[in-house]
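One-letter residues, chain by chain:
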Protein chains: 2
Amino acid sequence: MTAPPSRPRTRGVVLDLVRAAGTISRVELAQGSGLTAATITHVVRELMVDGLLIEVGQGESTGGKRRTLIELNSGSRYTVGVQLDRSTSSIVVVDLAGRPVIRSSIGGAGNRSPAATLEAIAAEVDSLLVRAGVDRGSVLGVGLVTHGPQDRAAGVLLNPQPTPEWYGYPLVATLSKMLDLPVLLDNDASAAAIGEYWVGGVDPASTHGCIYMAGGIGGGVVVEGELYRGGTSNPVEIGHISLDAGGIECSCGNRGCLENFAGPLAVIQAARAVPGLPDRIGLTEAAQDILVDFDKVASAAIAGDADALAIIEHSARYLGIAALNFANLFDLDLVVLAGPTFGTAGPIYQPIIHAALQRGAFNRPVRPVRAVLSASGADAAAVGGAVLVLRSELTPLQRLRPDGRSLTYQHW
Amino acid sequence: MTAPPSRPRTRGVVLDLVRAAGTISRVELAQGSGLTAATITHVVRELMVDGLLIEVGQGESTGGKRRTLIELNSGSRYTVGVQLDRSTSSIVVVDLAGRPVIRSSIGGAGNRSPAATLEAIAAEVDSLLVRAGVDRGSVLGVGLVTHGPQDRAAGVLLNPQPTPEWYGYPLVATLSKMLDLPVLLDNDASAAAIGEYWVGGVDPASTHGCIYMAGGIGGGVVVEGELYRGGTSNPVEIGHISLDAGGIECSCGNRGCLENFAGPLAVIQAARAVPGLPDRIGLTEAAQDILVDFDKVASAAIAGDADALAIIEHSARYLGIAALNFANLFDLDLVVLAGPTFGTAGPIYQPIIHAALQRGAFNRPVRPVRAVLSASGADAAAVGGAVLVLRSELTPLQRLRPDGRSLTYQHW
DNA sequence: ATTCTTAACCAAGTATCCTAAGTAAGTCAA
DNA sequence: TTGACTTACTTAGGATACTTGGTTAAGAAT
């Protein structure tokens, strides 16, 4: 365990400015941080000694001495992001700049026990680190992201999915012990949102939300680079907002929930109900993996099947209404669509949702509101998980405990 | 103008702890703030020299020296809150503890010009300060709260309501000059939310949202004592979230907006449509003031008129769905109902909305979710405006500019 | 070359916190 | 009642992370 760095907040601010700019000079760091040039000198020197920053050349003169350009020393540290759901688990290793250096997908939880699932994940993480040639000592930690509700501080799920054994199972402690690395747990949609902010080129001044659609629909919001956390850190249950007061009752107790109109299960069910369509696109009677089945409908829609297209467009229109409510409530100027379902169907969803925002976003007179597809594609949540570890280690904006360890981060 | 106080952040933390506790000792301040007892000694002494805190006695011994009890010196500073809408303007003067010391209501904007309206408000503020015997030198400033969208930093509305002349009119600069006091502008629903947190006895650990219903429906969210601001500071347009994808088109561009189902105008229109009801409750043909008309329906409902009750209950059920979406998206554990419409009809609305939250709030397994009526009644927004000034002057949690002046606060 | 401008660094000062060692004022037990 | 103990608060000194102001380095302009 390394000693806690001094002035963690200032280091975090500087690192974040470097990350956002890519390449930057000390003068610009001073302007951007509000600190004086002298302080920047000291902080940058510390960060260079730690190997986090490197000087990469000189800028053009603006009438005097040329500025020394600084970048993240991206190969000096790595983090791992693990996105877990029932059908698949995506794993990525990212460098200090948040760029993926290697990725893979393995089977999801299925009906396996947490222990068996985590064993498989740990083995794959070990394998990826070896294959990428990443020194284990330079790995800061692992971000495990999955569906909510969850207790992040305890590192457990508060949801008996996929099997009752998962409720309260010590995911973080177990994976941490298996890998001998720090592990943090977070919501997949929140991770996708912060990941998009960090590596997706989102304007730091923007307030953006993420709609993450995998097996279900989740949401995340980033304001000024920070995740909206709400009260119990399980915010933005966008899959279960009601869009029809008289709609059918949902298992959540609400009526007319978004997921029942627009979720992948609703899409698959709608496809099954169209005579001939299941046979045409290979949708067998027995319920397969949700994402596999959804992708059959999505592929058919992209390929021009009118029935499939109508079903996807119906889903997109409801997502558009949800996105509009989402944007008007959180005052967003950007809605990012992320998750495996948008891998194939994204080009159908994006323009419809974007158009819905143009129609009714309240803050549109103040600034433009857009909907875009995630830059990280299906790996958005996994990349986000890795980014969450980067953030927690490098830019500790939360108040630190006296011993320098993060409150939201469990070191085995 | 007084010199900016030293260590503004620490002072703010201490003042906030004192405010939340009412009466507190230095030992508890040290525990609550995380600062050492020595630092608390220094900070409390500074604050006592400034007259903001006073020692008020001693607590029971817990085995040693008795604790010296400290309170806000509530008579040492005052702020003014002005809530403005079309039909009425509520004005309150609150002391340092946020308690109202005097209040009044005058006519709202109506169709008057901004200048004429502000003249009337300024005269009434002057009059209230004199009648309450408040020394002008102890008045920190004025919080002007009204509907959005608005540009808080510029101190102008971005909405041509009630007349086009209001769009972009320099409200803050004008009122500030009239009164020779600092003025800040904010959203009425946000103000009601923070006001409820400050003086309504809301648990500081809770995450609460406010549904503010006056002429329209607005929302505000407070997380850990801070307002959710979103991107352009016009968040939580809850009146225009869609609850029926196939509903009638709203002027905002969306369909099936909450306001068209549950807003006061919808209630009045529904009452007009019931044969006999308008005559029975004195609802004349010509549209009067919205709040006056709404109150006729609400009073009849409270008095037992079945038709009026059904209309209010219909409105409440839709507000309940909206509150549930609100709570699930923002992860709230408390929804406060505020605004003049709840003055009479609150006892009908509250149980229905509360029941809706019990039915479907996602975080309910983690902690209870409640709906309550505002403790400040119809003055919630005005009290909130006054509290916003207290906060900005006393607990500057925002980063301060080098000259010590707040970024969000315009000193004429 | 000389002078100006800009970048980066260094030294000393300051604000704000901490730790450590007190003093003050109470309880408790013999 | 006296001495030991506990708790509340204060004082003194020191650490940290910033600041201000001056210096050196490296370029452009004349």
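Look above for the structure.
This structure is a prediction, so every number in the text was calculated from the model and none was measured.

Trainee: What exactly am I supposed to notice about the overall build of chain A here?
Mentor: Looking only at helices and strands, chain A features 13 helices and 15 strands. A compact globule built from 412 residues would reach a C-alpha radius of gyration of about 22 Å, and chain A, at 22 Å, matches this within 12%. Out of the 412 residues in chain A, the part that is buried amounts to 51%. At a minimum sequence separation of 6, the contacts of chain A that also span at least 24 residues come to 63%.

Trainee: Explain the sheet that holds strand β15 (residues 370-373) of chain B to me, please; I cannot follow it from the model alone.
Mentor: By definition, the strands of a sheet pair up through backbone hydrogen bonds, in either a parallel or an antiparallel sense. All names here are of chain B. One open sheet holds the five strands; their spatial order is β13-β12-β11-β14-β15, and the pairing between them is mixed. Of all the strands in the sheet, just β13 (226-227) and β15 have a single pairing partner and so form its edges. Helix α6 (residues 188-199) contacts β11 (207-213), β12 (217-223), β13 and β14 (334-338) of the sheet and is inclined by roughly 40 degrees relative to β12. Running at roughly 175 degrees to β15, helix α12 (residues 341-360) makes contact with β11, β14 and β15 of the sheet.

Trainee: Explain the interface of chain A and chain B here, please?
Mentor: Think of interface size as the accessible area that goes away when the parts come together; that is how it is often given. Facing the 39 residues of chain A at the interface are 39 residues of chain B. Counting residues per element, the ones that place at least two in the side of chain A that touches chain B are α11 (306-330) and α12 (341-360) of chain A. Here the side of chain A that touches chain B is built from residues that sort into 19 nonpolar, 14 polar and six charged.

Trainee: Would you explain the nonpolar core in this entry?
Mentor: Burial of nonpolar side chains together is a common tendency in soluble globular proteins. Core analysis: the biggest nonpolar cluster contains 244 residues, and Val297, Ala323 and Val335 of chain A together with Val297, Ala323 and Val335 of chain B have the highest contact counts within it. With near-sequence residues (within four places) excluded, Ala323 of chain B lies in contact with Ile211, Val335, Ile353, Ala356, Leu357 and Ala371 of chain B.

Trainee: Whenever I open this one, the relation of the copies chain A and chain B confuses me. Can you help?
Mentor: Comparison of the two chain copies shows a relationship of rotation about an axis with a shift along it. It takes a turn of 180 degrees to lay chain A on chain B, together with a shift of 0.1 Å along the axis; the resulting RMSD is 0.1 Å. Both copies of the chain, as the preceding transformation shows, are related through a two-fold rotation axis.

Trainee: Please explain the packing of helix α1 (residues 8-21) of chain B against helix α3 (residues 37-49) of chain B as it appears in this structure.
Mentor: Each pair of packed helices can be described by the angle between their axes along with the distance between the axes. All names here are of chain B. Between α1 and α3, the shortest axis-to-axis distance is 10 Å and the interhelical angle comes to 80 degrees. The angle between α1 and α3 falls in the class roughly perpendicular. Residues Thr10, Arg11, Val14 and Leu15 of α1 form the contact with α3, whose participating residues are Val43, Val44 and Leu47. Looking at the contact of α1 with α3, its residues break down into five nonpolar, one polar and one charged.

Trainee: Mind showing me how you'd approach the sheet that holds strand β2 (residues 53-58) of chain B here?
Mentor: Residue and element names in this part refer to chain B. A sheet is described by the order of its strands in space; here three strands give the open sequence β1-β3-β2, paired in antiparallel fashion. Strands with a single pairing partner mark the edges of an open sheet, and in this sheet they are β1 (23-25) and β2. Neighbour-to-neighbour, the strand axes of the sheet open up by a mean angle of 40 degrees, direction not taken into account. With three bridges joining them, β1 and strand β3 (residues 68-72) adopt antiparallel strand pairing. By the bridge assignment, Ile24 is partnered in β3 with Ile70.

Trainee: Please explain the pairing of β12 of chain B as it appears in this structure.
Mentor: Looking down a regular strand, the side chains alternate between one sheet face and the other. All names here are of chain B. The buried fraction of β12 amounts to six of the seven residues, a majority that puts the element mostly inside the structure. Where β11 folds back onto β12 in an antiparallel hairpin, the turn is made up of three residues. Relative to β13, β12 is paired through two bridges, and the arrangement is antiparallel. Pairing of Val222 across the sheet is with Leu227, part of β13.

Trainee: How should I be thinking about helix α4 (residues 114-131) of chain B in this particular structure?
Mentor: Note: α-helices contain 3.6 residues per turn, so residues at a spacing of three or four share the same orientation. Residue and element names in this part refer to chain B. Its 18 residues give α4 an end-to-end C-alpha distance of 25 Å, which sits within 8% of 26 Å, the value for a rise of 1.5 Å per residue. Restricting attention to buried positions, one finds in α4 the residues Pro114, Thr117, Leu118, Ile121, Ala122, Val125 and Leu129. Looking straight down α4, one finds its buried side chains confined to an arc of 135 degrees; they lie on one side. Exposed residues lying more than 90 degrees from the buried face of α4 are Ala116, Val130 and Arg131. Check the buried side of α4 and you find it contacts β4 (78-84), β5 (88-95), β7 (139-146) and α5 (171-179).

Trainee: What should I look at first to understand unusual backbone geometry in this one?
Mentor: Here the amide bond leading from Gly148 of chain A into Pro149 of chain A is cis, since omega sits at -10 degrees, within 30 degrees of zero. Here Pro149 of chain A lies in the loop between β7 (139-146) and β8 (150-151). Phi angles above zero are rare outside glycine, and Val236 of chain B is one such case at about 60 degrees. With respect to the secondary-structure elements, Val236 of chain B resides in the loop between β13 and α7 (258-262). Under the C-beta neighbour-count criterion, Val236 of chain B is labelled buried, with 29 such atoms within 10 Å.

Trainee: Please clarify how the environment of Gly253 of chain B should be interpreted in this entry.
Mentor: With respect to the helices and strands, the residue Gly253 of chain B is situated in the loop between β13 and α7. Accessibility expressed as a C-beta count within 10 Å gives 17 for Gly253 of chain B, which makes it partly exposed. With 30 residues separating them in the primary sequence, Gly253 of chain B and Val223 of chain B have C-alpha atoms 30 Å apart. Among residues more than four places away in sequence, those in contact with Gly253 of chain B are Arg359 and Gly360 of chain A.

Trainee: Explain the pairing of β14 of chain B here, please?
Mentor: Residues and elements named next belong to chain B. β14 sits mainly inside the fold: five of its five residues count as buried. Residue alternation in β14 divides its side chains into two sets, Leu334, Val336 and Ala338 and Val335 and Leu337, and both sets are buried. As judged from the five bridges shared by β11 and β14, these two strands associate in the parallel manner. Residue pairing for β14: Gly209 is matched across the bridge by Val335. Where β14 and β15 come together, four bridges link them in parallel fashion.

Trainee: Would you explain the packing of helix α1 (residues 8-21) of chain A against helix α2 (residues 26-33) of chain A in this entry?
Mentor: Residue and element names in this part refer to chain A. It is the contact of α1 with α2, at a shortest axis distance of 10 Å, that shows an interaxial angle of 115 degrees. As for how α1 packs across α2, the hand of that crossing is right-handed. Contact residues: Val13, Val14 and Leu17 in α1; Leu29, Gly32 and Ser33 in α2. A class-by-class count of the residues in the contact of α1 with α2 yields four nonpolar, two polar and no charged.

Trainee: Help me out: how do you make sense of the environment of Ile281 of chain B in this one?
Mentor: All names here are of chain B. Residue position: Ile281 is located in helix α9 (residues 277-281). It is 33 Å that separates the C-alpha atoms of Ile281 and Gly81, two residues lying 200 residues apart in sequence. Ignoring anything within four residues of it in the chain, the contact list for Ile281 reads Lys296, Val297, Ala300, Asp305 and Ala308.

Parameters and conventions
Residues numbered from 1 in each chain as written. Chains lettered and ligands numbered in written order. Predicted model: local features only at pLDDT ≥ 70, side-chain atom pairs only at ≥ 80, totals over all residues. Helix = DSSP H or I, 4+ residues; strand = E, 2+ residues; numbered from the N terminus. Rg over C-alpha atoms; globule rule 2.2 N^0.38 Å. Buried ≥ 20, exposed ≤ 12 C-beta atoms within 10 Å, placed from the backbone. Contact = placed C-beta atoms within 7 Å. Pairing = 2+ DSSP bridges. Axes fitted to C-alpha atoms, helices over the stretch in contact; angles between N-to-C directions. Nonpolar A, V, L, I, M, F, W, Y, C, P; charged D, E, K, R; others polar. Core = buried A, V, L, I, M, F, W, Y, C linked by C-beta atoms within 7 Å. Least-squares fit on C-alpha atoms with pLDDT ≥ 70 in both. Parallel < 35°, antiparallel > 145°, perpendicular 65-115°, else oblique. Expected span 1.5 Å × (residues − 1). Arc of directions from axis to C-beta. Left-handed = near helix turned anticlockwise from the far one by under 90°.

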